[in-house]
Structure formats: structure tokens, C-alpha cells
Amino acid sequence: DTHRDSESEESEEENPAEMNIICIFSSRFQLSVPKLASGRRVAQELLSDLLQVSQSLFSDSFFPVLEPAIGVGSACEGWSPQSEEDVVYCMFVPLKPPRGYAFHLEPDTLGEMPQMSMRIHVELVCTCAREQPDQKMLCFLHSSEEELRSNQAASLLHTLCTGPYLDGEKIALWFQTFVISAWSMMPQSRHYSMKVLPSCRSCKMKLMKASGRSLYVEMVFTVQRGDSDIFLSSQPTEALFPPSTTWLESYAVAEAKFFRHVSTQAPPHSCHLKCLRLCARLLEGSDLSIYALKTTVMHLLTLIPPSEWQHRYLLLRVEDILRYLLCCLEEKCLKHFFFGNEDMPEEISLPPAFQEAQPLNLFQHLAQDPAALTEALKEFDKL
């Protein structure tokens, strides 16, 4: 980037040669963290307005209740490895059951998923005693089909479920249709033209300004596990594409919360996000996942004191990150951050089973595949 970072205007005690290398790194990898905050604000306002419109449109129907959106992923955490024009702002949209329904999470024993997967069983709940005389809702359990058909909107089980299970693909299609029809009511329609991009299990939007600048927002539908920061997500991972009634456990909300916690402890101009962005750029094209890198940095942020993440230590911290990753590769073991981790900040809420659980090994596949391990070490050596 042509403009200098405010971080480079630090105290005189910095080594000029080191600072020069940091400046070269910053321009070579475009490391001034891009203007993510303004894009994040646009995405959050958009979701907030969409939610208001949905409440007025669906108040008499039995579609899932949309809860306030939660920004997740690298763009919302402040370190996206993508160039500014390619950044996607990912927003989790939690779903709650409408009146007369309950969601029950069932382990998905059919799928052979390495990640925890569940199905969301939609059950009817008796509303006979609960309804006030002036409310016209009929009980789905105790009213005749004829009464229901002529007097009430279609049941959730007949619209967005396959069998008794909530269907991620049907929800995505329903929401995409809603966004297209509701766009003209949105205040954003005065400043942006909008296109819904193809997606099976989420709603991806491209917002375009008259100037030609674009902003990408992706809404992923989720169901919360109890009152924890762990959610079940409709969105499959690149490696897994399970049936549309299978929802995968996601730690993205807990991760976003962790980075917010770190930012409250970190010194001004902390370099931890820049380290993430730089290392992500270095790993581009290799088989090492961005998630393995992010997990490494989260572990180091709990091991290295906040004061040691000042901007002048950027090169040392990058070296620490790469060394830690290399050690984990050699030992074929990188522990998942949210299982059996005693250093977890207390504001992150995890299901009790997570604390007692044996740490998951993110490099388990390397332990089982010597050829893949050799290749990963060879790639790392090039770095």
C-alpha cells in the first residue's frame, strides 16, 4: 500500500533495519489491514434492516425466527488475507423455532463426518393452553387438518423441512427469494444495486455502488447449541458436502469472540492481526490450511503476553508462528483450540463437554498419511 501505517510511526528505540524489513513486508504483502471496519458496518446495518423487514413480512407465518446477525470469519475479525475487492463479510443468522415448534439437536449418526454433525429435529408443541382468546393461532397438534388448511399458514414442517428435519438448502432458497423481493424496501437500495449470487446453503449478496465498487456479504444460517458460543451451521466446508439436513458444528462465533477479547488486552498497534495476514499470504498455494494457521496464532496469543505483540516485535512473532507450526507438523499434532483448553478466556461460553474433552488433533490426517506429511514438510521448507 502506498500510504504508511500509523504503526510505523512508533518509538525511536526500534531497530531501523528491522523496521525497514517490516515496511518492505507491509508493501510487498499489502499488509495494512484493509478498511474492513467500514465494510463490516455496512454488512451489519444491512442484516439489521433485513431482519426488521422479515419480522413485518413473516409475523403471521411459521418460518424460523431470525435472530440478530453475528459477524464471523477473518473479515469481521479484522485480518482478511484477501485483497480488498475480494473480501467477503460473513454473517451468521441464528434461527429460533416459531410459535408452536421446538428444535431438538440430534447427533447425525448417518454421516461419517470428522467434524461434529447434527440434524435439527423440528417438533410440534401444543399451544392450546398458551394462546390468548384474541390470538387466532390454531394448535398444530390438536386442530383438524381441514381447520388448519383453511385458517392457518403452512406448517414449518411442510415448507422448510425434509421429513421432520430442518433443511439447509430449503432455508437458503426461501431467504434468497425473500431478499430479492424485499430489496426495494431496504434503505440500502438507494445507494447500491444488488445481486444474489448462486449458493446452495447460504445467501450470498453482491452490493454494487454507482462508482463500480463492490461489497460481498454472505449470510449463513445457524442454530445455537444451548446458550453457548458454539453453533450448527448450514454451510458445508470445502472438504465436506453432507446431506442438506446435516448441520456442521462451527466454532466461528467463539473465534470472533476470542479476537475481540484479545483486542481489549492488546497494546495499541498490536501486530497480531498483521502477523495472521502476513502468514496467510506466505502460506498461499500450500496445502497448509488457513484454519491451522489461525489455530496456531490463537494458541500463541494465550502463551505470549499481550505486551510482546507490539508492532516492533512483528518479525519475532512471525518467526514464532512459523516455528510453532513447524513443530506441530513434525509432531503430527496441532490441538484444536476449543477442546480441553485450560487457557480459554472465561467470557467464551462452551458446552461443558468441551472442557473435559480430549483435544482434537487438526493434523490427524498427517499422522495417518506419511506421504502427505512429507509433502507438507517439503512445502514448509520452501517458506
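Here, every reference points to the structure presented above.
Quick summary incoming for the structure in this document.

Cut-offs applied
Residues numbered from 1 in each chain as written. Predicted model: local features only at pLDDT ≥ 70, side-chain atom pairs only at ≥ 80, totals over all residues. Heavy atoms only, no water. Helix = DSSP H or I, 4+ residues; strand = E, 2+ residues; numbered from the N terminus. Buried < 20%, exposed > 50% of the residue type's maximum accessible area, 1.4 Å probe, protein only. Contact = heavy atoms within 4.5 Å. Areas by Shrake-Rupley, 256 points an atom, 1.4 Å probe, with all protein chains shown as cover. Expected span 1.5 Å × (residues − 1). Polar contact = N/O pair within 3.5 Å; in protein donor to acceptor, adjacent residues only side chain to side chain. Salt bridge = Lys/Arg side-chain N within 4 Å of Asp/Glu carboxyl O. Phe/Tyr/Trp six-rings, centres within 6.5 Å; stacked < 30°, edge-to-face > 60°. Lys NZ or Arg CZ within 6 Å of the ring centre and 35° of its normal. Core = buried A, V, L, I, M, F, W, Y, C linked by side-chain atoms within 4.5 Å. Pairing = 2+ DSSP bridges.

### A few points about the overall build of the protein
Scanning the protein from N- to C-terminus turns up 13 helices and 12 strands. Each of the 383 residues in the protein was classed as buried or not, and the buried ones make up 49%. Once local pairs closer than 6 in sequence are excluded, the contacts in the protein between residues at least 24 apart make up 66%. On the protein, roughly 19,400 Å² of surface is accessible, and the fraction owed to carbon and sulfur atoms is 52%.

### Digging into helix α6 (residues 168-182)
Taking 1.5 Å of rise per residue, 15 residues should cover 21 Å, and α6 covers 21 Å from first to last C-alpha, within 8% of that figure. Among the residues making up α6, those that are buried are Gly-168, Ile-171, Ala-172, Trp-174, Phe-175, Gln-176, Phe-178, Val-179 and Ala-182. With a side-chain oxygen positioned 2.9 Å from the backbone nitrogen of Glu-169, the residue opening α6 is Asp-167.

### Side note on the pattern of salt bridges
Throughout the structure, instances matching the rule amount to 10 salt bridges. In this structure, Arg-281 and Glu-284 form a salt bridge, with 3.9 Å as the shortest nitrogen-oxygen distance. One salt bridge in this structure joins Asp-320 and Arg-317, with 2.8 Å as the shortest N-O distance. Residue Asp-320 and its partner Arg-317 are both found in helix α10 (residues 314-331); the two are separated by 3 residues, about one turn of the helix. Classification of Asp-320 as partly exposed rests on a relative accessible area of 24%. Here the salt bridges share partners, and the residues they tie into one network are Glu-77, Glu-255 and Lys-294.

### Structural notes on the packing of aromatic side chains
Per the stated rule, a full pass over the model turns up 16 aromatic pairs. Summarising the aromatic geometry, the rings of Phe-175 and Phe-178 are spaced 5.3 Å apart at their centres and angled 65 degrees between planes, so their arrangement reads as edge-to-face. A residue pair is termed a helical-turn pair when its members lie 3 or 4 positions apart in one helix, as Phe-175 and Phe-178 do in helix α6 at 3 residues. Taking the relative accessible area as the measure of exposure, Phe-178 reaches 3% and is therefore buried. Look at Phe-258 and Phe-337: their rings are 4.9 Å apart centre to centre, the planes differ by 65 degrees, and that puts the pair in the edge-to-face class. Of this pair, Phe-258 sits in helix α7 (residues 252-265) while Phe-337 sits in the loop between α10 and α11 (352-356); the two residues are 79 residues apart in sequence, bridging distant segments of the chain. Both residues of the pair, Phe-258 and Phe-337, belong to the buried class. Counting every residue linked through ring pairs, the aromatic cluster contains Tyr-251, Phe-258, Phe-259, Phe-337, Phe-338, Phe-339 and Phe-354. Above the ring of Tyr-165, the side-chain terminus of Arg-119 is found at 4.0 Å from the ring centroid.

### Quick word on the environment of Cys-279
For Cys-279, the position within the fold is in helix α8 (residues 272-283). On the basis of relative accessible area, Cys-279 is assigned to the buried category, the value being 0%. Once you skip the residues sitting within four places of it in the chain, Cys-279 turns out to touch Leu-293, Val-318, Ile-321 and Leu-322.

### Observations regarding unusual backbone geometry
When glycine is set aside, most residues are seen to have a negative phi, and most peptide bonds are trans. The backbone of His-269 shows a phi angle near 60 degrees, a positive value even though the residue is not glycine. Turning to its location among the elements, His-269 is positioned in the loop between α7 and α8. What makes His-269 partly exposed here is its relative accessible area of 33%. Non-glycine residue Lys-332 carries a positive phi angle of around 55 degrees.

### A look at the nonpolar core
With 48 residues, the main nonpolar core has Leu-166, Phe-175 and Met-205 as its most contacted residues. Excluding anything up to four places from it in sequence, Met-205 contacts Leu-46, Leu-50, Val-179, Trp-183, Met-194, Lys-195, Leu-215, Tyr-216, Val-217 and Met-219.

### Observations regarding the pairing of strand β10 (residues 214-224)
Within β10, 8 of the 11 residues are buried, which leaves it mostly tucked inside the rest of the structure. Sheet topology places strand β3 (residues 88-96) next to β10; 7 bridges connect them, and they run parallel. Following the sheet pairing, Val-88 is matched in β10 by Tyr-216. Relative to strand β11 (residues 231-233), β10 runs antiparallel, the two being bridged by 3 bridges. Paired with Val-223 across the bridge in β11 is Leu-232. Between β10 and β11, which pair antiparallel in sequence order, lie 6 residues; one of them, Gly-226, sits at a positive phi of approximately 60 degrees.

### Notes on helix α9 (residues 290-303)
Between its terminal C-alpha atoms α9 stretches 20 Å, which fits the 20 Å expected from 14 residues at 1.5 Å a residue. Counting buried residues along α9, 10 of its 14 residues qualify, which places the element largely inside the surrounding structure. Of the surrounding secondary structure, the elements contacted by the buried residues of α9 are α3 (73-77), α7, α8 and α10.

### Concerning the pairing of strand β12 (residues 247-250)
Two strands pair when backbone bridges link them, and strand β5 (residues 117-124) and β12 are joined in this way by 2 bridges, in the antiparallel orientation. Counted as the bridge partner of Ser-117 is Leu-248 from β12. Relative to β12, β11 runs antiparallel, the two sharing 3 bridges. Paired with Leu-232 across the two strands is Glu-249, which belongs to β12.

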